[in-house]
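This is what each chain is made of:
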Amino acid sequence: MSKVAVVYWSGTGNTALMAQAVAEGAKAKGAECDLLTSAEFTADMVDNYDAIAFGCPAMGAEVLEESEFEPMFAECEPALNGKKIAIFGSYGWGSGEWMDTWEAQCQADGVVFAAAPLICHETPDEAGLADCTALGEALV
Ligand SMILES: Cc1cc2nc3c(=O)[nH]c(=O)nc-3n(C[C@H](O)[C@H](O)[C@H](O)COP(=O)(O)O)c2cc1C
């Protein structure tokens, strides 16, 4: 059975809603799926999973959340070469620049994207949640 992790940070719950839908998609496709906050995940856990979805909203000025998510992700990066991953997150007033930067960073790390990066404006609507579920399915 394929083993998937969905690892996210969320301040006000929007990215958490996305993460739940991603996990539901992976489970619907038959994967065993762990839904974890960034505080619950460490780099030495990367190899325990066949695929990982990372979720983080746009924070600061178009960057990843800097106190918890970014340090965790930076620690994981050396282990992500050749790893099947997906990235997603919610944003507010910007145009998704943080996700473009994050995508380029992942590409430089040598990841294998299971799906295109996914962004939702603030609270994900029904269509956004359906996209999250599809992203979860693509991880399996
Ligand atoms: C401190 C802070 C910084 C933010 N910076 C950005 C930003 O640079 N660009 C943007 O589009 N939205 C920004 N936002 C808006 C959040 O990305 C948006 O509200 C998102 O839905 C929050 O997701 P969450 O509920 O998972 O925390 C910021 C919000 C906060 C609180």
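Rules of the game
Residues numbered from 1 in each chain as written. Predicted model: local features only at pLDDT ≥ 70, side-chain atom pairs only at ≥ 80, totals over all residues. Heavy atoms only, no water. UniProt positions renumbered as here; feature names shortened; annotations may be inferred. Near = heavy atom within 4 Å. Polar contact = N/O pair within 3.5 Å; in protein donor to acceptor, adjacent residues only side chain to side chain. Areas by Shrake-Rupley, 256 points an atom, 1.4 Å probe, with all protein chains shown as cover. 1 Å grid on protein atoms, 1.4 Å probe; cavity = no way out; pocket = protein on both sides within 12 Å on 5 of 7 lines; lining within 4 Å. Sits in = over half its atoms within 2 Å of the grid points. Helix = DSSP H or I, 4+ residues; strand = E, 2+ residues; numbered from the N terminus. Expected span 1.5 Å × (residues − 1). Contact = heavy atoms within 4.5 Å.

- Going by what an unreviewed UniProt entry lists, the chain is known as Flavodoxin and is assigned to Coprococcus ammoniilyticus.
- The record held by UniProt for the chain lists under Cofactor (unreviewed entry) the comment "FMN".
- Under Sequence similarities (unreviewed entry), UniProt gives the following word-for-word description of the chain: "Belongs to the flavodoxin family."

## Overview of the site of the ligand
Then comes step 1: Around the ligand, a shell composed of 18 residues is seen, among which S10, T12, A58, S90 and G94 lie nearest.
Then comes step 2: In this structure, A58 approaches the ligand through a main-chain N or O atom, which is 2.6 Å from an oxygen atom.
Then comes step 3: Across the complex, the protein chains shield 80% of the 650 Å² of accessible surface that the ligand would expose by itself.
Then comes step 4: Mapping the ligand onto the cavity grids shows that it belongs to the largest pocket.

## Comments concerning helix α4 (residues 126-138)
Then comes step 1: Spanning 13 residues, α4 covers 18 Å between terminal C-alpha atoms, matching the ideal 18 Å at 1.5 Å per step.
Then comes step 2: Looking at the packing, one finds that the buried side of α4 touches α1 (14-28), β3 (51-55), β4 (84-91) and β6 (118-121).
Then comes step 3: Where α4 begins, the capping side chain belongs to D125, and its oxygen is found 3.2 Å from the backbone nitrogen of A127.

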